[in-house]
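# Fold and geometry: a report
The residues making up each chain are set out below.
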Amino acid sequence: QVQLVESGGGLVQPGGSVRLSCIASGFTFSRYGMNWYRQAPGKERELVATVTSDGGGTGYADSVKDRFTISRDNAKNTVYLQMNSLKPEDTAVYYCNVILGWSYYWGQGTQVTVSS
């Protein structure tokens, strides 16, 4: 079965950095694009970043462009989200996502809290 396991969240000060990781299993990782979403309290889940299957193409929400970088290592079945210059409004639960056919799969999420 498809499994996505995120790690790397925590408490970070404004202006700081953190790297999230998501290890995938249960499908052929190198064939699919991968996404990072986030959901802040009281808000809808939003797409933050996306990467193509070979890692050659990426896309970002305007709110994180030039601060976040998505990447992947197909040999390790892992997708990353490097988050720099963090702001309090980046506080959210971050989810790894893959779309297989008509189905959306999610990890359990990892909390990132940006606060002094």
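Residues numbered from 1 in each chain as written. Predicted model: local features only at pLDDT ≥ 70, side-chain atom pairs only at ≥ 80, totals over all residues. Heavy atoms only, no water.

## Looking at the pattern of salt bridges
For clarity, the cut-off: For this document, the term salt bridge refers to a Lys or Arg side-chain nitrogen within 4 Å of an Asp or Glu carboxyl oxygen. Here a strand is any run of E in DSSP of at least two residues, a helix any run of H or I of at least four, and the numbering for each starts at the N terminus. Partly exposed describes any residue whose relative accessible area lies between the buried limit of under 20% and the exposed limit of over 50%, with all areas from a 1.4 Å probe on protein chains only and scaled to the type maximum.
Counted under the stated rule, the structure contains 4 salt bridges. Linking Arg 38 and Glu 46 is a salt bridge whose minimum nitrogen-to-oxygen distance equals 2.6 Å. Its salt-bridge partner being Arg 38, residue Asp 90 comes within 2.9 Å of it at the nearest N-O pair. Taken together, the residues Asp 90 in the loop between β8 (78–83) and β9 (92–100) and Arg 38 in strand β4 (residues 34–39) connect sequence positions 52 residues apart. Take Arg 38: its relative accessible area is 6%, and that puts it in the buried class. Taken together, the shared-partner salt bridges connect Arg 38, Glu 46, Arg 67 and Asp 90 into one network.

## Quick notes on a nonpolar patch on the surface
Note the threshold: Only residues whose relative accessible area exceeds 30% and that form no salt bridge enter a patch; like-charged residues are grouped when within 9 Å of one another, and nonpolar side chains (Val, Leu, Ile, Met, Phe, Trp, Tyr) when within 5 Å. Methods summary: accessible areas were calculated by the Shrake-Rupley approach with a probe of 1.4 Å, and residue burial reflects only the protein chains presented.
A surface patch of nonpolar side chains, about 280 Å² in accessible area, is lined by Ile 99, Tyr 104 and Trp 106. Along the chain, the position of Tyr 104 falls in strand β10 (residues 103–106).

## Brief notes about the packing of aromatic side chains
Cut-off, in case you're wondering: Working definition: rings of Phe, Tyr and Trp (its six-membered ring) pair if their centres are within 6.5 Å, and the pair is stacked with planes under 30 degrees apart, edge-to-face with planes over 60 apart, and tilted otherwise.
This structure, assessed with the given rule, holds 5 aromatic pairs. An angle of 75° between the planes, with centres 4.9 Å apart, marks the rings of Tyr 37 and Trp 106 as edge-to-face. Placement of the pair is Tyr 37 in strand β4 and Trp 106 in strand β10, with a sequence separation of 69 residues. Each ring, one from Tyr 104 and one from Trp 106, has its centre 6.3 Å from the other, and the planes form 25°; the classification is stacked. Its relative accessible area of 47% is what places Tyr 104 among the partly exposed residues. An aromatic cluster is built from Tyr 37, Tyr 95, Tyr 104 and Trp 106, whose rings are joined through pairwise contacts.

Treat this as a map of the structure, not an account of what it does.
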